[in-house]
Amino acid sequence: MRTHIVWDWNGTLFHDMEAVLAASNAAFATIGVGPMSLQEYREQYEIPIPRFYQRLLGREPSAEEWLKLDDAFHARYRELSTACGLTEGARELMDGWRAAGHSQSLLSMYVHDKLVPLVDTFGLTGYFLRVDGRSGPAGGQKAEHLVRHLAALGEQVDPARTVLIGDAADDALAALAAGAHAVLYTGGSHARAKLEPVGVPVVDSLAEAVELAGRMVG
């Protein structure tokens, strides 16, 4: 069976960290937390997101605070993300992976109804066997979504021959829980120091990630 890549979107294929940072700083302002630099954000960020906010506040956000945080983030992100593009070389890497006879799909924690048209705007829909975004509340972890994603792909893919490429420790934890492999990319939401303790390969470019995916289960 061919090797399959499950791509993450935000911070991996979609180079949106500047928009994410600005949106996060807008959210922080609603709870009286000062702005962060990109490096500070990458060193502090974690999933599930409520735990990230809890650490910043020193306590768990109230339900009202969580709604303010979420609304402020998404309002600012919608404004800024339209100027973001694909990570350099991403399209060529997907072309090459497909030309080599392998398959790929997309799984994101970005809300499904917004993800699908955005992916289509870049002309990428045809690259993927399946595109899934988040349904349900924001702020959760990816494992259960990946299990459903792989189940929906059915016999088209084998989890044991699947590599999830993402930018967060949670991506790797999801892959391991689903019986798949993972490679983590340092160009997104997490600093290398936050990724390495998970115990999966960590790389500095998507080209390295794809090359490694081919060798891991090739």
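Our subject is the structure that appears above.
Please read all numbers here as calculations on a predicted model, not as lab measurements.

Rules of the game
Residues numbered from 1 in each chain as written. Predicted model: local features only at pLDDT ≥ 70, side-chain atom pairs only at ≥ 80, totals over all residues. Heavy atoms only, no water. Core = buried A, V, L, I, M, F, W, Y, C linked by side-chain atoms within 4.5 Å. Buried < 20%, exposed > 50% of the residue type's maximum accessible area, 1.4 Å probe, protein only. Helix = DSSP H or I, 4+ residues; strand = E, 2+ residues; numbered from the N terminus. Contact = heavy atoms within 4.5 Å. Lys, Arg positive; Asp, Glu negative; His and termini not counted. Salt bridge = Lys/Arg side-chain N within 4 Å of Asp/Glu carboxyl O. Polar contact = N/O pair within 3.5 Å; in protein donor to acceptor, adjacent residues only side chain to side chain. Axes fitted to C-alpha atoms, helices over the stretch in contact; angles between N-to-C directions. Parallel < 35°, antiparallel > 145°, perpendicular 65-115°, else oblique. Left-handed = near helix turned anticlockwise from the far one by under 90°. Phe/Tyr/Trp six-rings, centres within 6.5 Å; stacked < 30°, edge-to-face > 60°. Lys NZ or Arg CZ within 6 Å of the ring centre and 35° of its normal. Pairing = 2+ DSSP bridges. Right-handed = clockwise from strand over helix to strand, strands pointing away. Nonpolar A, V, L, I, M, F, W, Y, C, P; charged D, E, K, R; others polar.

K.L.:
So what's going on with the nonpolar core? Which residues, and what values?
P.N.:
If you look at soluble globular proteins, the nonpolar side chains tend to sit buried side by side. Core analysis: the largest hydrophobic core is formed by 50 residues, its most contacted members being Trp-7, Trp-9, Leu-13, Leu-106 and Phe-128. With seven residues, helix H1 (residues 17–29) is the single largest residue contributor to this core. The contact partners of Trp-7, leaving out residues within four places of it in the chain, are Thr-12, Leu-13, Met-94, Gln-104, Ser-105, Leu-106, Leu-107, Phe-128, Ile-165, Leu-206 and Val-210. Core analysis: the next-biggest nonpolar cluster, separate from the first, contains 17 residues, Leu-107, Leu-146, Ala-175 and Val-200 among them.

K.L.:
I'd like a rundown of the side chain of Arg-42, residues and numbers included.
P.N.:
Tracing the backbone shows Arg-42 in helix H2 (residues 38–44). The side chain of Arg-42 is buried and forms no salt bridge, while Glu-18, the nearest opposite charge, is found at 6.7 Å. Within the structure, Arg-42 has its side chain in polar contact with the backbone oxygen of Gly-187 (distance 2.9 Å).

K.L.:
Just give me the short version of the packing of helix H5 (residues 90–99) against helix H10 (residues 206–217), but keep the residues and values in it.
P.N.:
Here H5 crosses H10 at 15 degrees, and the two axes come no closer than 10 Å. When the axes of H5 and H10 are compared, the pair comes out roughly parallel. H10 is crossed by H5, and the crossing has right-handed handedness. Residue-level inspection shows Ala-90, Leu-93 and Trp-97 of H5 in contact with H10, the latter providing Leu-206, Ala-207, Val-210, Ala-213 and Gly-214.

K.L.:
How would you summarise the packing of aromatic side chains if you had to cite specific residues and measurements?
P.N.:
Applying the stated criterion across every chain, the model contains 12 aromatic pairs. With 5.1 Å between their ring centres and 10 degrees between their planes, Trp-9 and Phe-14 make a pair best called stacked. Its relative accessible area of 0% is what places Phe-14 among the buried residues. Over the ring of Tyr-127 we find Arg-98; its NZ or CZ atom is 4.2 Å from the centre of that ring.

K.L.:
Break down the pattern of salt bridges for me, citing the residues and quoting the values.
P.N.:
Scanning all chains against the criterion turns up 13 salt bridges. Its salt-bridge partner being Arg-98, residue Asp-95 comes within 3.5 Å of it at the nearest N-O pair. Here the residue Asp-95 and the residue Arg-98 both occupy positions in helix H5, the gap between them amounting to three residues, near one helical turn. When the shortest N-O distance is used, the salt bridge between Arg-130 and Asp-132 registers 2.7 Å.

K.L.:
Please give an account of the pairing of strand S6 (residues 162–166) that cites residues and values.
P.N.:
Working note: regular strand, side chains alternate between the two faces of the sheet. Counting buried residues along S6, five of its five residues qualify, which places the element largely inside the surrounding structure. Because side chains alternate across S6, one face comprises the buried residues Thr-162, Leu-164 and Gly-166, and the other comprises Val-163 and Ile-165, equally buried. Direction of pairing for strand S1 (residues 4–7) relative to S6: parallel, over a ladder of four bridges. Residue pairing for S6: Trp-7 is matched across the bridge by Ile-165. Note that S6 and strand S7 (residues 181–185) share four bridges and pair parallel. Pairing of Ile-165 across the sheet is with Val-183, part of S7. Note on the crossover from S6 through helix H8 (residues 169–177) to S7: the handedness is right-handed.

K.L.:
Tell me what's going on with the packing of H1 against helix H4 (residues 63–81), and back it up with residues and numbers.
P.N.:
Packing of H1 against H4 brings their axes to within 8 Å, and their N-to-C directions diverge by 150 degrees. Of the two possible hands of crossing, H1 and H4 adopt the one that is right-handed. Of the residues in H4, those in contact with Ala-19, Val-20, Ala-22, Ala-23, Ser-24, Ala-26, Ala-27 and Phe-28 of H1 are Leu-69, Ala-72, Phe-73, Arg-76, Tyr-77, Leu-80 and Ser-81. A per-class count over the contact of H1 with H4 returns 12 nonpolar, two polar and one charged.

Taken by themselves, the reported measurements are silent on function.
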